[in-house]
Amino acid sequence: MSDMGDWLLFIALPLIVFQLTGSALGTAVAFLLELVPAVLLAPLAARLVGRFDRRRLMVAVNIGQALALLPLLWVHDAADLPIAYAVIAVHASLSTLFEPAKNTLLPDLVDARRLVSANALIGLNQNLGRLVGGPLGGVLLAIGDLSLIVVVDAATYLLSALLIATLPASDAASSAGAGHRAGGLWEALGIRRLAGAYAVILVTSIAQGMFLLLFVLFALGPLRGTDADVGLLRGIQAVGAIAAGLVLGFLVRGSSPRTLTAASVLAFGVISLVTWNLPAVTTGIGWYVVLFAAVGAPGVVMLAGLVSVLQQESEPRQRGAVFAAVGLVGAVGQAVGILLGSLSDTAVGLLPLLQVQGCLYLLGGVIALCWLPRALRPASAPEPGAGARI
């Protein structure tokens, strides 16, 4: 439910900003505003996630996200863009807390043998949210207005808060280990066994940042699509992701996170390059529906592999800080990618930048193959009573 709300907003707001400004630079500003809080608030997120009950923190964030949407009801023309930008910044600030709390809570709920499967199932549910929220964002914008999206989106966040409230409470102090101080951001960034994971996240985040901006321009330009097509293609990625989540979550156990990550990132690059170059042959939307559905599978496999490495290679007391560091590295990478993507307004042009974007994923796959740990460190003994919470 939370991810469905995210995708409603994620699809609708860039389209609205692009419609009101008519420029790639204006749209880039909207995306950059989503990244600034992840950089500035990462140290605070590391401390808060390490000290407080993660379940309550996630509930509070979802309620805050619902309330933060209300100012969008006053956005009607280009003069109201500062309101839209403010909402984007507040939402991004709240998400800076939500993601580390979610990823830190999971190892308290399942044992190490099930981490890859559990992360894959979370990816499955996230993509069910994308499958509904992505196309719905484009469709609601086409048939209604921004106020309709605000009402539907706020409802998804409130329902998400109710669902999260049913999770078992987590004790941040016991998760960190009795008598041990929760790890800080800079300590997390200095964990040597996680250096390869951070490098993969940085490179793939640059590629993702370029995609965020260039995809809209690609779909409305070379592909000659509509707003509804933008929502359809972004949402249809969930089909492949759901299939991959089902396989990893229920059928495949004990897979190597390193192998999963490397193979999936390389596949991401190959499919991306095929997609960007296909308009030279055809602009038939059916081909792109197939390609975007296919690229969803390596996406969820990559995340399941990387998150599992980060969870198992960090001490319990460090996990909140580690995932805050992931947010920081990812935000910096996406900011670089968005700035690179904004060069499409210059003589560089759109198509060369799309080629660079695909090649960055290939580079990320090579880094994963060469630098991620080949064997994960032994899991810590579970807390007493942990099995009852699985």
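Residues numbered from 1 in each chain as written. Predicted model: local features only at pLDDT ≥ 70, side-chain atom pairs only at ≥ 80, totals over all residues. Heavy atoms only, no water.

1. Details of the overall build of the protein
Then step 1. Counting its secondary structure elements, the protein contains 15 helices and zero strands.
Then step 2. What you see for the protein is a C-alpha radius of gyration of 20 Å, in line with the 21 Å of a compact globule of 390 residues.
Then step 3. Once the C-alpha set of the protein is aligned to its principal axes, its extents read approximately 55 × 45 × 35 Å.
Then step 4. In the protein, the share of contacts with a sequence separation of at least 24, taken over all contacts with a separation of at least 6, comes to 86%.
Then step 5. Total accessible area computed for the protein in this model is approximately 15,600 Å², and 70% of it derives from carbon and sulfur atoms.
Then step 6. In the protein, which carries 21 positive and 19 negative side-chain charges, the distance between the mean positions of the two groups comes to 14 Å. (Helix = DSSP H or I, 4+ residues; strand = E, 2+ residues; numbered from the N terminus. Rg over C-alpha atoms; globule rule 2.2 N^0.38 Å. Contact = heavy atoms within 4.5 Å. Areas by Shrake-Rupley, 256 points an atom, 1.4 Å probe, with all protein chains shown as cover. Lys, Arg positive; Asp, Glu negative; His and termini not counted. Charge placed at Lys NZ, Arg CZ, Asp CG, Glu CD.)

2. Remarks on helix α1 (residues 2-21)
Then step 1. Over its 20 residues, α1 runs 29 Å from end to end, which matches the ideal 28 Å to within 8%, given 1.5 Å per residue.
Then step 2. With 15 of 20 residues buried, α1 lies mostly within the body of the structure.
Then step 3. Phi turns positive one or two residues past the end of α1, at G22, with a value near 70°. (Expected span 1.5 Å × (residues − 1). Buried < 20%, exposed > 50% of the residue type's maximum accessible area, 1.4 Å probe, protein only.)

3. Some words on unusual backbone geometry
Then step 1. Located in the positive-phi region is R224, a residue other than glycine, with phi close to 60°.
Then step 2. Of note, R224 is situated in the loop between α10 (195-220) and α11 (227-251).

4. Regarding the packing of aromatic side chains
Then step 1. One pass over the structure, following the stated rule, counts six aromatic pairs.
Then step 2. Joined through ring pairs, the aromatic side chains of F211, F215, F218, W276, Y288 and F292 make up one cluster. (Phe/Tyr/Trp six-rings, centres within 6.5 Å; stacked < 30°, edge-to-face > 60°.)

5. Concerning the pattern of salt bridges
Then step 1. One pass over the structure, following the stated rule, counts six salt bridges.
Then step 2. For D111, the salt bridge goes to R114, with nearest N and O atoms at 2.3 Å.
Then step 3. For R114, a relative accessible area of 29% puts it in the partly exposed group.
Then step 4. Linked through salt bridges whose partners overlap, the residues forming this network are D111, R113 and R114. (Salt bridge = Lys/Arg side-chain N within 4 Å of Asp/Glu carboxyl O.)

6. Topic: the nonpolar core
Then step 1. In terms of nonpolar packing, the biggest core is built from 112 residues, with L72, Y198, F215 and L310 touching the most fellow members.
Then step 2. No other element matches α10, which puts 18 residues into this core.
Then step 3. Among the nonpolar cores identified, the runner-up in size contains nine residues, and A120, A244, V300 and A304 belong to it. (Core = buried A, V, L, I, M, F, W, Y, C linked by side-chain atoms within 4.5 Å.)

7. Description of the environment of L167
Then step 1. Looking at the element boundaries, L167 is found in the loop between α7 (146-164) and α8 (172-176).
Then step 2. Measuring from C-alpha to C-alpha, the distance between L167 and A42 comes to 25 Å, with 125 residues separating the pair along the chain.
Then step 3. Setting aside residues no more than four positions away along its own chain, L167 makes contact with R55, L105 and L109.

8. Describing a nonpolar patch on the surface
Then step 1. Taken together, V36, V39, L40, L202, V332, V336, L340, L343 and V348 make up a surface patch of nonpolar side chains, about 640 Å² in accessible area.
Then step 2. Mapped onto the nonpolar patch, the elements with two or more residues apiece are α2 (24-40) and α14 (319-341).
Then step 3. Structurally, V39 can be placed in helix α2. (Patch = residues over 30% accessible without salt bridge, like charges linked within 9 Å, V, L, I, M, F, W, Y side chains within 5 Å.)

9. Section: the side chain of S2
Then step 1. In this fold, S2 is placed in helix α1.
Then step 2. Looking at S2, its side chain comes within polar contact range of the side chain of N62, at 3.5 Å.
Then step 3. When near neighbours in sequence (up to four residues on either side) are disregarded, S2 contacts N62, Q65, F98, T156, Y157 and S160. (Polar contact = N/O pair within 3.5 Å; in protein donor to acceptor, adjacent residues only side chain to side chain.)

10. A few points about the packing of helix α13 (residues 285-312) against α14
In a packed pair of helices, the relevant descriptors are the angle between the two axes and the axis-to-axis distance.
Then step 1. At a minimum axis separation of 9 Å, α13 and α14 run at an interaxial angle of 145°. Two packed elements cross with a definite hand, and for α13 against α14 that hand is right-handed. Contacts between α13 and α14 involve V307, L310 and Q311 on the former and, on the latter, R319, V322, F323 and V326.
Then step 2. Within the contact of α13 with α14, the residues separate by chemical class into five nonpolar, one polar and one charged. (Axes fitted to C-alpha atoms, helices over the stretch in contact; angles between N-to-C directions. Left-handed = near helix turned anticlockwise from the far one by under 90°. Nonpolar A, V, L, I, M, F, W, Y, C, P; charged D, E, K, R; others polar.)

11. With respect to the side chain of D108
Then step 1. By secondary structure assignment, the location of D108 is in helix α5 (residues 81-109).
Then step 2. Of the residues examined, D108 reaches a relative accessible area of 10% and is grouped as buried.
Then step 3. Looking at D108, its side chain comes within polar contact range of the side chain of R54, at 3.3 Å.

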